[in-house]
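Now for the letters of each chain:
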There are 2 protein chains.
Amino acid sequence: MAKRAIPDIMIGRLPVYLRALSFLALEGRQITSSQEMGDRLGISSAQIRKDLSHFGEFGKQGTGYDIMFLHDKLRQILKVDRMWDVALVGAGNLGKAIADYGGFAGKGFLITAVFDNDAAKIGMKMGIHDVTVQHVDELADTIKARGIVVGIIATPAHDAQGVARVMAEAGVKAILNYAPITITVPIGVRMQYIDPVVGLQRMTYYL
Amino acid sequence: MAKRAIPDIMIGRLPVYLRALSFLALEGRQITSSQEMGDRLGISSAQIRKDLSHFGEFGKQGTGYDIMFLHDKLRQILKVDRMWDVALVGAGNLGKAIADYGGFAGKGFLITAVFDNDAAKIGMKMGIHDVTVQHVDELADTIKARGIVVGIIATPAHDAQGVARVMAEAGVKAILNYAPITITVPIGVRMQYIDPVVGLQRMTYYL
DNA sequence: TAGATTGTTAATCGATTAACAATC
DNA sequence: TAGATTGTTAATCGATTAACAATC
């Protein structure tokens, strides 16, 4: 073990920084500071400087950070300076909304395979790239054939664990799970959860 | 200040515990242990016991936790043992998928008002409860009239901050934001973010 | 009773913040 | 140069874990 591992929680903030930098660039700004970014994001400037300093010296004393330069650096660090093929399982309401979402393409992700277990949906064209829905039985073979390492689960909860297992066995290393259930995956496979109910229930305690 | 505040991060885990307990109940189980829950959720048993012990003594030594009892307790603690009216802004693809989602009702939330700024959408019936889409100009009045305190933002990023401001001024205290942008809200208003791109980018670093 | 598991304490571990020398 | 802001260190703060007495 040579390098000290970068804390997961620190990595987790980088996409938020990247998003903020995209907006600053969109506003036509050239330079920003850890203070300004912190104010926008509700984070201390010290934390932003510390997070960034793990990966290099991206700023200039007295000046701040060049927005486009830092933006590019973060894209490289997060490995979204390229396009990742994504396999989406679940072509219901939610799956359809995900496939139709235009926000992935500019951020490093392309949904290039969609699966469902409903015969009525197989063969349908879905999403902004008109991907043809395949039967979920073809999931493993397609993942392997195309070398896909990123998956999205948008199935009912009771199917999610099974889908995750097939994905992991076929070589997927990163799974975004919309199904409202905690899933177990082998070591080396990462999961992120999106559950609006959990989000809402985290706030009702304080009401 | 009498009571020591419960850490936010601890509150954030309770919805996940609640979700797990729902599943255990669905499986017909009566009793569980901190060990079993921890195994399922990928959390240490000590953490689960410590989290729960902040709110009371819900278990029995030597036995574990009664699933339905703990389930009910967590619903009370999280204040989802009642139904919260939710105002949804944005009736596009994403808003439609959210309104159509059947998973809110059983978990304490009812989308009872939907808003958009697109004239073509006003008057449409949306979601599983056939809510009529109103113009976003009516957002503040509707929130006040109905005493709504929970909102969901599903607008494009550039509209999200404005919508959040209107919501907060009208009395909303908890906002779930699907727009891919960090939003500033007054103290006393809580935000939760759902951004699939952030979720995916948190994992690509490790690929 | 014997076995199991809680609730809780103390110790460890890790993350955040404050502060400032370096320097643009 | 004077002013500003970084990168980094040390101190603080908070969260997690290990361990075990209590007890069902």
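To be clear, the structure that these remarks concern was listed above.
Residues numbered from 1 in each chain as written. Chains lettered and ligands numbered in written order. Predicted model: local features only at pLDDT ≥ 70, side-chain atom pairs only at ≥ 80, totals over all residues. Heavy atoms only, no water.

Considerations on the interface of chain A and chain B
Heads up, the rule is: Here, two residues are considered to be in contact whenever any of their heavy atoms come within 4.5 Å of each other. Buried area is understood as the total, over both parts, of accessible area removed when two parts are fitted together, assessed with a 1.4 Å probe. The working definition used for a salt bridge is a side-chain nitrogen of Lys or Arg within 4 Å of a carboxyl oxygen of Asp or Glu. Polar contact is defined as a pair of N or O atoms within 3.5 Å, subject to the rule that within protein one atom must be able to donate a hydrogen and the other to accept it, and that residues adjacent in sequence are counted only when both atoms are side-chain atoms. Strands here are runs of E lasting at least two residues and helices are runs of H or I lasting at least four, both read from the DSSP assignment and numbered beginning at the N terminus.
In this complex, chain A contributes 56 residues to the contact, which on the side of chain B involves 56 residues. Of the roughly 5300 Å² buried where chain A meets chain B, counting both sides, 68% is carbon and sulfur surface. Inspection of the region where chain A meets chain B yields two salt bridges. Its salt-bridge partner being Arg19 of chain B, residue Asp195 of chain A comes within 2.9 Å of it at the nearest N-O pair. On inspection of chain A and its partner chain B, the count reaches 16 residue pairs in polar contact (both at pLDDT 80 or more). It is helix α8 (residues 196–204) of chain A that provides the largest number of residues to the side of chain A that touches chain B, a total of nine residues.

Quick word on the environment of Thr182 of chain B
Assignment of secondary structure puts Thr182 of chain B in the loop between β9 (174–177) and β10 (190–193). As for Thr182 of chain B and Val150 of chain B, which are separated by 32 residues in sequence, their C-alpha atoms are 18 Å apart. Thr182 of chain B has contacts with Val16, Arg19, Arg40 and Leu41 of chain A together with Tyr193 of chain B, leaving out every residue within four places of it along the chain. Reaching out from Thr182 of chain B, the side chain makes a polar contact with the side chain of Arg19 of chain A at a distance of 3.1 Å.

Side note on the sheet that holds strand β2 (residues 59–60) of chain A
All names here are of chain A. Where we set the bar: Strand pairing is assigned whenever DSSP detects at least two bridges linking the two strands. Axes here refer to lines fitted to C-alpha atoms; in helices the fit is confined to the stretch in contact. Angles between the N-to-C directions go from 0 to 180 degrees.
Taken together, three strands build an open sheet; the order of strands is β1-β3-β2 and the sheet is antiparallel. Of all strands in the sheet, those with a lone pairing partner are β1 (31–32) and β2, marking the two edges. Sheet contacts for helix α4 (residues 67–77): β1 and β3 (64–66); angle to β3, the most-contacted strand, approximately 75 degrees.

Section: the relation of the copies chain A and chain B
Between the two copies of the chain lies a rotation about an axis combined with a shift along it. Just so we agree on the cut-off: What sets the superposition is a least-squares fit of C-alpha atoms, and only residues with pLDDT of at least 70 in both copies go into it.
Between chain A and chain B, the superposition needs a rotation of 180 degrees and an axial shift of 0.0 Å, giving an RMSD of 0.0 Å. What the superposition gives is, in effect, a two-fold axis relating one chain to the other. Mapped onto chain B, 100% of the interface residues of chain A again fall at the interface, so both copies present the same surface.

Topic: the packing of helix α1 (residues 8–26) of chain A against helix α8 (residues 196–204) of chain B
Note the threshold: Throughout this description, any angle smaller than 35 degrees is read as roughly parallel, any larger than 145 degrees as roughly antiparallel, any in the 65 to 115 degree range as roughly perpendicular, and the remainder as oblique. Note on convention: the crossing is left-handed when the near helix lies turned anticlockwise from the far helix by less than a right angle, right-handed when the turn is clockwise. By the convention adopted, Pro, Cys, Tyr, Trp, Phe, Met, Ile, Leu, Val and Ala count as nonpolar, Lys, Arg, Asp and Glu as charged, and the other residues, Gly among them, as polar.
At their nearest, the axes of α1 of chain A and α8 of chain B sit 8 Å apart, and the two run at 130 degrees to each other. It follows from the interaxial angle that α1 of chain A and α8 of chain B lie oblique. The handedness of the crossing between α1 of chain A and α8 of chain B comes out as right-handed. Facing Ile11, Gly12, Pro15, Val16, Leu18 and Arg19 of chain A of α1 of chain A, the residues of α8 of chain B in contact are Val198, Gln201 and Arg202 of chain B. Broken down by class, the residue content of the contact of α1 of chain A with α8 of chain B amounts to five nonpolar, two polar and two charged.

Comments concerning the protein's contact with DNA strand D
This is how the line gets drawn: We call a residue near a molecule or strand whenever a single non-hydrogen atom of that residue lies within 4 Å of it.
Taken together, the neighbourhood of DNA strand D is formed by 25 residues, with Ser34, Arg49, Phe58, Gly59 and Tyr65 of chain A sitting nearest. Each atom of DNA strand D within 4 Å of the protein was assigned to sugar, phosphate or base; sugar and phosphate come to 58%. Contact between DNA strand D and Ser34 of chain A: a phosphate oxygen at 2.7 Å from a side-chain N or O atom of the residue. In the environment of DNA strand D, a phosphate oxygen lies 3.0 Å from a nitrogen or oxygen atom belonging to the backbone of Phe58 of chain A. Sorting the residues of the surface near DNA strand D by element identifies α3 (45–53), β2 and β3 of chain A together with α1 (8–26) and α3 (45–53) of chain B as the ones contributing at least two each.

Comments concerning the sheet that holds strand β2 (residues 59–60) of chain B
Residues and elements named next belong to chain B. Taken in spatial order, the three strands line up as β1-β3-β2 in an open sheet, and their pairing is antiparallel. Of all the strands in the sheet, the pair left with one neighbour each is β1 (31–32) and β2. As paired strands, β1 and strand β3 (residues 64–66) are joined by two bridges and run antiparallel to one another. By the bridge assignment for β3, Thr32 is matched with Tyr65. Taken strand by strand, helix α4 (residues 67–77) contacts β1 and β3, and its axis lies near 75 degrees from that of β3.

Thoughts on the pattern of salt bridges
Counted only if it meets this: When a residue's accessible area, from a 1.4 Å probe over protein chains only, is under 20% of the maximum for its type it is buried; when over 50% it is exposed; and in between it is partly exposed.
One pass over the full model with this rule turns up 18 salt bridges over all chains. In this structure, Asp118 of chain A and Lys121 of chain A form a salt bridge, with 3.3 Å as the shortest nitrogen-oxygen distance. Residue class for Lys121 of chain A comes out partly exposed when judged on its relative accessible area of 21%. The salt bridge partner of Arg29 of chain B is Glu36 of chain B, with a shortest N-O separation of 2.9 Å. Given the relative accessible area of 30%, Arg29 of chain B is considered partly exposed.

What about the packing of α1 of chain A against α4 of chain A?
Residue and element names in this part refer to chain A. Relative to each other, α1 and α4 sit at 145 degrees, their axes nearing to 9 Å. In terms of crossing hand, the pair formed by α1 and α4 is left-handed. Each of Leu14, Tyr17, Leu18, Leu21, Ser22, Leu24 and Ala25 in α1 lies in contact with α4, whose residues at this interface are Ile67, Met68, Leu70, His71, Leu74, Arg75 and Ile77. Split by residue class, the contact of α1 with α4 holds 11 nonpolar, two polar and one charged.

Digging into the nonpolar core
Short version of the rule: Definition used in this section: a nonpolar core is a set of buried Ala, Val, Leu, Ile, Met, Phe, Trp, Tyr and Cys residues joined via side-chain atoms within 4.5 Å.
Residues Leu74 and Ile152 of chain A together with Tyr17, Leu74 and Ile152 of chain B are the most contacted members of the largest nonpolar core, which totals 94 residues. Sequence-distant contacts of Ile152 of chain B, that is, excluding residues within four places in its chain, are made with Leu200 of chain A together with Val86, Ala87, Leu88, Val89, Ile98, Phe104, Ile111, Met167, Leu176 and Tyr178 of chain B.

Here's the deal with the pairing of strand β4 (residues 84–89) of chain B
Residues and elements named next belong to chain B. Let me state the cut-off plainly: Here a crossover is taken to be right-handed if, once the strands point away from the viewer, the path from the first strand over the helix to the second is traced clockwise.
Of all six residues that make up β4, five are buried, and the element is covered over most of its length. As paired strands, β4 and strand β5 (residues 109–116) are joined by six bridges and run parallel to one another. Bridge pairing in β5 places Val86 opposite Ile111. Handedness of the β4-helix α5 (residues 93–100)-β5 crossover: right-handed. Direction of pairing for β4 relative to strand β8 (residues 150–153): parallel, over a ladder of four bridges. If you follow Val89 over to β8, its bridge partner there is Ile153.

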